[in-house]
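Tertiary structure, described
What follows is the residue order along each chain.
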Amino acid sequence: MKILIVEDEVKTGDYIRQGLMESGFVVDLARTGLDGHHLALTGSYDLIVLDVMLPDVDGWRIMQSLREARSTTPVLFLTARDSVEDRVKGLELGADDYLVKPFAFSELLARVRTLLRRGAAPVFQDQLQVADLMLDIPRRRAQRHGVRINLTNKEFTLLELLVRRQGEVLPRSLIASQVWDMNFDSDTNVIDVAIRRLRAKIDDDFEPKLIHTVRGMGYMLDVTQPG
Amino acid sequence: MKRRPLSLVVRLTVSIGAVITAVLLTFGWMMERSINNHFVQQDVDELNSVVQALQYLLATVPADIPADELHQRLASVVTGHRNAQYRISTDSGSLIYSTPGFNLDTFARTARPVEEITIDTVESWNDHQEAFRGAVLWIESDRLEGKARFRLAVATGIDFHLHYLDGFRNHLRIVTLAACLIVLLATWFAVYQGHAPIRRISREMRRIRSDQMDFRLEPRSVPAELVELTISFNEMIGRLEDVFRRLSDFSGDIAHELRTPITNLRTHTEVALTQARSVEQYREVLYSNLEEYDRMAKMVGDMLFLAQADNQLLKPELVDIDLQSELRNLFDYFSAWAEEREVLLENTGEQVHVHGDRLMIRRALSNLLSNAVRHTPEGQSVTTTLQVNSGNVRIRIQNPGPPIPEEHLNHIFERFYRLDASRQRSSEGAGLGLAITKSIIEAHGGKIRAFSTTEATTFEVQLPLKME
């Protein structure tokens, strides 16, 4: 998967590039709007991460050019101003998602993955499996090691999210928005409690542990411990 | 460009001066007129007394009086009347007598005879640089030349009257002019003096600086007309002071709230770098830093939101919101957390729809709900109530628990306000939640208030059913 980052802030650009590369992506970094404009239109990318506040050619122009060129490359734009106008403008110009600075890298990564997945053909699977955890999607049932586990509706949705995005660190805000449709930071530990309860049901009595806490970032489900 | 209005001193001086001048001129004119009338009356009286004397003479004179004696008697009629004269002739025009030294021939011939001499009928004219007043009238007598009608012209010189009047008029003009000048000067001075309190207030106002906003004008030390101005000014300064104080508190708070995590980060990083450590220890430092960064990022985000609200930049995207289902979703979201705290969530009331920004309303309600859950003792429940009355939706979120003291209730919607000053950065965030809630509600044209009794604390949100 090849990603183009257009970001004039040196450190931000470097860290995003490093983070995405270490997450297994091929990354090009353009440090000026002009370079970004050129690369976006000539290169072949699966995703473009675009800072809209650029000194020369701004992000809006790049997006406009992309749309005029009938490109379908998904665009995630970064903005420093959380204003409705910016959001609306970006989405009207054909951006697919946006993040407001300062953002967490885990959040960016999660969104990048979501966008990349969106392009791919959706996988309809009735059964999901990680180690000995089995999810029966149509019947919304879970079992581990052959033992049926009783989950509430939301617990199942949460578990399904974790399983579908196995191996990815999911930030709390992403979990809140995907499972409960709450698109803002709550100053409570609601997600931690929900995870703890889910853990009690699927991990406490079984080995290996599947749900892992990634400190300061979020949660992930995998057979092996992260890092 | 609009012209500056005329100065108050000029306005008042001109208008008062004009009125007083008009009054003085009228007064002078009336004086002059009444004196003139008085003189005319005197002249008329003199003329009438001459006429009467003549009539008496004509009535009593013997018919056979010799011409010499008659002439003497006729001459004696005007003795004592220094300026009087007359001329008497027959109906046909032949002269009987005319006061010597005068010539009344023209007047006697041309003037129209009158019934009686009064102010209105008397005439005046000039003859050889002298002014006269007089009249022509018919008198009858049966003693002279048989029963007959005589044409009498009687006149008196009025030069000395006119002379006196001229002097008087000049005098009056000078006095009037002087009076007007004095009045104008006095008015100007009085008005200028009258504005002294305004200049004093202005001097006091000039002393106000941004660091002395507690200054107030003393309404009791100014004239009654300026009391209202002073009070308005004091109120304005009060509002400014309030905003000023909040702004400076806010920036002070920001500095303080950011200083603490930055100090933590710095210290932690510096200590970590003083000696070589294991990978595990470095990782621990980074994790701990990450948590601080998170907190700071959240705070900056919240403050940006509030700054937008302050600048009227919060523009709700209005959609139809079913409040009951919105609350249900929030209950669902908070349920695990509330259960763990052994707090129940209950909703009662009507099904209500409002127009609002879904994300913002959700955020506001979520803040209120999480607050309520946090302060509810174990085993009790948070109750939400939805109600519609007269175009408003009332959302009440009530939780049992220790009451919020009255002195805090007015402040809990302020930024960074914490009930317990010593309770620093807890899990509850930076203390911006309620401030954000309030700005969201106000951006929707609603109101929020809180009240607290010994049993329960209630937050009440009022939203208009439809936003204009």
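Within an unreviewed UniProt entry, the label attached to chain A reads Heavy metal response regulator transcription factor, and the organism entered is Thalassolituus pacificus.

For chain B, the helix and strand inventory stands at eleven helices and twelve strands. Classification of the 468 residues of chain B by burial places 22% in the buried group. Taking contacts inside chain B between residues at least 6 apart in sequence as the whole, the part at least 24 apart equals 66%.

Of the regular secondary structure elements, chain A holds eight helices and twelve strands. Out of the 227 residues belonging to chain A, those deemed buried represent 35%. Look at the contacts in chain A between residues 6 or more apart in sequence, and 55% of them connect residues 24 or more apart.

We now examine the environment of Asp 294 of chain B. Its place among the elements puts Asp 294 of chain B in helix α7 (residues 279-310). The exposure class assigned to Asp 294 of chain B is partly exposed, which follows from the 18 C-beta atoms found within 10 Å.

Before going further, it helps to examine the interface of chain A and chain B. The interface is formed by 22 residues belonging to chain A together with 28 residues belonging to chain B. With four residues, the single largest contributor to the side of chain A that touches chain B is helix α8 (residues 190-202) of chain A. Considering only residue class, the side of chain A that touches chain B consists of nine nonpolar, six polar and seven charged.

Right, let's talk about the sheet that holds strand β2 (residues 95-98) of chain B for a bit. All names here are of chain B. The five strands lie next to each other as β2-β1-β5-β4-β3, forming an open sheet whose pairing is antiparallel. Two strands lie at the open edges of the sheet, namely β2 and β3 (123-127), each paired on one side alone. Shown here is a sheet whose adjacent strand axes are inclined to one another by a mean of 25 degrees, direction ignored. Where strand β1 (residues 84-90) and β2 come together, three bridges link them in antiparallel fashion. When the bridges of β2 are listed, Ile 88 appears paired with Tyr 97.

Before going further, it helps to spend a moment on the UniProt feature "modified residue: 4-aspartylphosphate" (unreviewed entry) in chain A. Residue and element names in this part refer to chain A. In the numbering used here, UniProt assigns the feature "modified residue: 4-aspartylphosphate" (unreviewed entry) to Asp 51. If you trace the backbone, Asp 51 turns up in strand β3 (residues 47-51). A residue is classified by how many C-beta atoms lie within 10 Å of it, and Asp 51, with 24 of them, is buried. The residues touching Asp 51, leaving out its near neighbours within four places in the chain, are Val 6, Glu 7, Asp 8, Gly 59 and Leu 78.

Residue and element names in this part refer to chain A. Among all positions of helix α3 (residues 59-68), only Gly 59, Ile 62, Met 63 and Leu 66 are buried. The arc that holds every buried residue of α3, seen down its axis, measures 100 degrees, which confines them to one face. Buried residues belonging to α3 abut β1 (2-6), α2 (33-42), β3 and β4 (75-79). Two residues or fewer after α3 comes Arg 70, characterised by a positive phi angle close to 55 degrees.

A few words now on the pairing of strand β4 (residues 130-141) of chain B. Where a strand is regular, its side chains alternate between the two sheet faces. All names here are of chain B. The sheet contact formed by β3 and β4 spans five bridges and is antiparallel. Across the sheet, the residue bridging to Trp 125 is Phe 132, located in β4. Two successive antiparallel strands, β3 and β4, enclose a turn made up of two residues, where His 128 displays a positive phi of approximately 50 degrees. Sheet topology note: the β4/strand β5 (residues 148-157) ladder contains ten bridges and is antiparallel. The residue bridging Arg 133 from the neighbouring strand is Thr 156, located in β5.

Scoring rules and cut-offs
In this numbering scheme, every chain counts its residues from 1 along its sequence in written order. Labels follow written order: the first chain is A, the first ligand is 1, and so on. Owing to the predicted nature of the model, reporting of local features is limited to residues with pLDDT of at least 70; listing and counting of side-chain atom pairs is limited to 80 or more, with chain, interface and lining totals taken over all residues. Only DSSP runs of H or I with at least four residues qualify as helices, and only runs of E with at least two residues qualify as strands; both kinds are numbered from the N terminus onward. Exposed residues have 12 or fewer other C-beta atoms within 10 Å of their own C-beta, buried residues have 20 or more, and residues in between are partly exposed; the C-beta atoms are placed from the backbone. Contacts are defined on C-beta atoms placed from the backbone: any two residues whose C-beta positions lie within 7 Å are in contact. Just so you know the grouping, Ala, Val, Leu, Ile, Met, Phe, Trp, Tyr, Cys and Pro go in nonpolar, Asp, Glu, Lys and Arg go in charged, and all remaining residues, Gly too, go in polar. In short, DSSP must find at least two bridges between two strands for them to pair. Throughout, an axis means a line fitted to C-alpha atoms (over the contacting stretch in the case of helices), and angles, computed between N-to-C directions, take values from 0 to 180 degrees. UniProt positions are given in the numbering used here, feature names are shortened, and annotations may be inferred rather than shown by experiment. Throughout, the arc means the angular range of directions from the helix axis out to the C-beta atoms.

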